Amino acid sequence: MSTSTQVRPAAAPAAPAPESGRKSRRKRLTPGRAAAWLVLAISLLITLFPFYWMLRTALTDGNHLYSDSTSLWPEHFTFANFKRVLGLGSVEESRAAGGSGADLDFLLYTRNSIIYTTAIVVGQTMSCAMAGYALARLRFRGREFAFAVVVGALMVPPIFTLLPNFVMVKDLGLLNSFAGMVAPTLLMTPFTVFFLRQFFMSIPREIEEAAMLDGAGHWRIFRRVVLPMSKGPILTIALTTAVWAWKDYLWPLLVGNDPDNRVLTTGIGVFLQQSPNARPDWTGLMAASTLSVIPMLILLIVFGRRIVNGLNFTGLK
């Protein structure tokens, strides 16, 4: 007796999703959405146009700056303004390009700004992180009062502390030195302590309790557990502090007026005041300002996306 096996036909492949289904999932361009995009584009244009005009002025020959004032593109294009700002040209070449012939030691001032900014960022970020962790996690007498003082300090305008800080730095003999320039903001600012304390409060206590069961103390928990989980907020604070320190003008002008300790912002201001012409050297000033923006622009390009992706206020990865 023979048996026959029946072969079942193979299942047909699934049909592709209709094109209409894909289109239905796309967001339609409604009048409200179009208006929102238009407002965003106009806001972006208004924000970026001053930077474009600064670059346009820096690329214009100083002798034709006012004759080309209505043109969106520099009709007399030149890189001479950047050369003379970097010290690559003589005084005669500077005046031939429409400049004032004033001296600007751009490389020295940039080096001083890097030292000033790096010291403040490193010192302030680490000390404020430790202070924020202590206010968030440690139990000690007067903790709530200390946090209330930090919150109250947020309401004090920085201009009110300018004169007391200047008197203190002068009495310590730290005028015209990097130590005097970084002293008031080296260890803390109220906002940084408040910001990091609020983030540390969001970290689950179970994580620290598990580390304590393994024999870790508070300092080890802070270094090995809390800091790796706080890369986003700490990087955000470090970047905002760097931008603030890089563009700081008034305090370095009061304390670091010596040419050897002069930062880039005060150096550009002195360059503007030294113009012997009847009118300011706008092309040289805009060239120096354009070059001064580049370091912070590089930081934003390199770390901007990491900040957006790494900022996590739940304390969990």
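Please refer to the structure higher up on the page.
What counts as what
Residues numbered from 1 in each chain as written. Predicted model: local features only at pLDDT ≥ 70, side-chain atom pairs only at ≥ 80, totals over all residues. Heavy atoms only, no water. Helix = DSSP H or I, 4+ residues; strand = E, 2+ residues; numbered from the N terminus. Buried < 20%, exposed > 50% of the residue type's maximum accessible area, 1.4 Å probe, protein only. Contact = heavy atoms within 4.5 Å. Areas by Shrake-Rupley, 256 points an atom, 1.4 Å probe, with all protein chains shown as cover. Patch = residues over 30% accessible without salt bridge, like charges linked within 9 Å, V, L, I, M, F, W, Y side chains within 5 Å. Salt bridge = Lys/Arg side-chain N within 4 Å of Asp/Glu carboxyl O.

*Asks:* Summarise the overall build of the protein; cite the residues concerned and give the values.
*Replies:* Check the secondary structure of the protein and you find 15 helices and zero strands. Per-residue burial for the protein yields a buried fraction of 36% across its 317 residues. Across the protein, contacts joining residues at least 24 apart in sequence account for 73% of those joining residues at least 6 apart. Carbon and sulfur atoms form 67% of the exposed surface of the protein, whose accessible area is close to 19,800 Å².

*Asks:* Describe a nonpolar patch on the surface, naming the residues involved and giving the relevant values.
*Replies:* Among the surface-exposed residues, Leu44, Leu48, Phe51, Val293, Ile294, Leu297, Ile298, Ile301 and Val302 lie close enough to one another that they form a single nonpolar patch of about 830 Å² accessible area. Contributing elements (two or more residues each) for the nonpolar patch: α2 (31-58) and α15 (282-310). Counting residues per element, the nonpolar patch draws most heavily on α15, at six residues. In this structure, valine 302 sits in helix α15.

*Asks:* Give a description of the pattern of salt bridges that names residues and reports values.
*Replies:* Enumeration over the complete set of coordinates arrives at three salt bridges. The partner of arginine 137 in a salt bridge is glutamate 208, and the shortest N-O contact between them spans 2.1 Å. Within this pair, whereas arginine 137 is found in helix α5 (residues 106-137), its partner glutamate 208 is found in helix α10 (residues 205-213), the two being separated by 71 residues in sequence. Its relative accessible area of 6% is what places glutamate 208 among the buried residues. The residue arginine 143 makes a salt bridge to glutamate 144 at a minimum N-O spacing of 3.1 Å. Arginine 143 gets classed as buried once you look at its relative accessible area, which sits at 11%. A relative accessible area of 49% places glutamate 144 in the partly exposed class.

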